[in-house]
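Tertiary structure, described
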Amino acid sequence: QVQLVESGGGLVQAGGSLRLSCAASGSIFGINAMGWYRQAPGKQRELVAAITSGGSTNYADSVKGRFTISRDNAKNTVYLQMNSLKPEDPAVYYCNADWGVDEYDYWGQGTQVTVSS
């Protein structure tokens, strides 16, 4: 079992920044990769950014150059630095952990990001 606890969401003006954190606990040795997804009302959940255990990253085209995913292995925490936030970025942001040989997905409870224009 892996537990993921997100923090850092909130309200920010367009053009502003937020940093999301996701602290992992439990059977973290089996985590292959971690990522951030988001889901806006009426839309499907989509990948925002991901980082592997080796540090490789990938991003959705819509956030490239604005968002940065990073991890602190000593703290078992993954971060999502979001800069230049746009009106299309608001959503519930979920932390995800890809675990084990079967790539089982663990999810956090989600954190709301709201951008005011």
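Residues numbered from 1 in each chain as written. Predicted model: local features only at pLDDT ≥ 70, side-chain atom pairs only at ≥ 80, totals over all residues. Heavy atoms only, no water.

1. Quick word on the environment of Gln13
- By secondary structure assignment, the location of Gln13 is in strand β2 (residues 10-13).
- Given a relative accessible area of 59%, Gln13 falls into the exposed group.
- In this structure, the C-alpha to C-alpha distance between Gln13 and Ser84, residues 71 residues apart in sequence, is 9.4 Å.
- In this view, Gln13 contacts Val115 and Ser116; residues no more than four positions away in its chain are not counted. (Helix = DSSP H or I, 4+ residues; strand = E, 2+ residues; numbered from the N terminus. Buried < 20%, exposed > 50% of the residue type's maximum accessible area, 1.4 Å probe, protein only. Contact = heavy atoms within 4.5 Å.)

2. Looking at the pattern of salt bridges
- Scanning the entire structure with this criterion turns up four salt bridges.
- Between Glu46 and Arg38 there is a salt bridge, with the nearest N and O atoms lying 2.7 Å from each other.
- Residue classification places Arg38 among the buried residues on the basis of a relative accessible area of 6%.
- Between Asp61 and Lys64 there is a salt bridge whose closest N-O contact spans 3.1 Å.
- Overall, the relative accessible area of 64% leaves Asp61 in the exposed class.
- Put simply, Arg38, Glu46, Arg66 and Asp89 are held in one network by salt bridges that share partners. (Salt bridge = Lys/Arg side-chain N within 4 Å of Asp/Glu carboxyl O.)

3. What to know about the packing of aromatic side chains
- Tallied over the full model, the rule gives five aromatic pairs.
- Between Phe29 and Trp99 the ring centres are 6.4 Å apart and the planes differ by 70 degrees, which places this aromatic pair in the edge-to-face class. Of this pair, Phe29 sits in the loop between β3 (18-26) and β4 (31-39) while Trp99 sits in strand β9 (residues 91-99); the two residues are 70 residues apart in sequence, bridging distant segments of the chain.
- Overall, Phe29 belongs to the exposed group, its relative accessible area being 72%.
- An aromatic cluster is present here, built from Phe29, Trp99, Tyr104 and Tyr106 joined pairwise through their rings. (Phe/Tyr/Trp six-rings, centres within 6.5 Å; stacked < 30°, edge-to-face > 60°.)

4. Structural notes on the nonpolar core
- By size, the foremost hydrophobic cluster in this structure holds 28 residues, and its most contacted members are Leu4, Met34, Trp36, Leu80, Met82 and Tyr93.
- For this core, the secondary-structure elements that each account for two or more residues are β1 (2-7), β3, β4, β5 (46-52), β7 (67-72), β8 (77-82), β9 and β11 (111-116).
- When sequence neighbours within four positions are dropped, the list of residues in contact with Met34 reads Leu4, Cys22, Ala24, Ala50, Ile51, Ile69, Val78, Cys95, Asn96 and Ala97. (Core = buried A, V, L, I, M, F, W, Y, C linked by side-chain atoms within 4.5 Å.)

5. Considerations on the state of the cysteines
- This model, assessed by the stated rule, comprises one disulfide.
- The disulfide bridge from Cys22 ends at Cys95, spanning 2.0 Å between sulfur atoms. On the sign convention where negative means left-handed, the S-S torsion of about -80 degrees between Cys22 and Cys95 marks this disulfide as left-handed. On the criterion of sequence distance, the pair formed by Cys22 in strand β3 and Cys95 in strand β9 is long-range, its members being 73 residues apart. One exposure class covers both Cys22 and Cys95, and it is buried. (Disulfide = S-S within 2.5 Å.)

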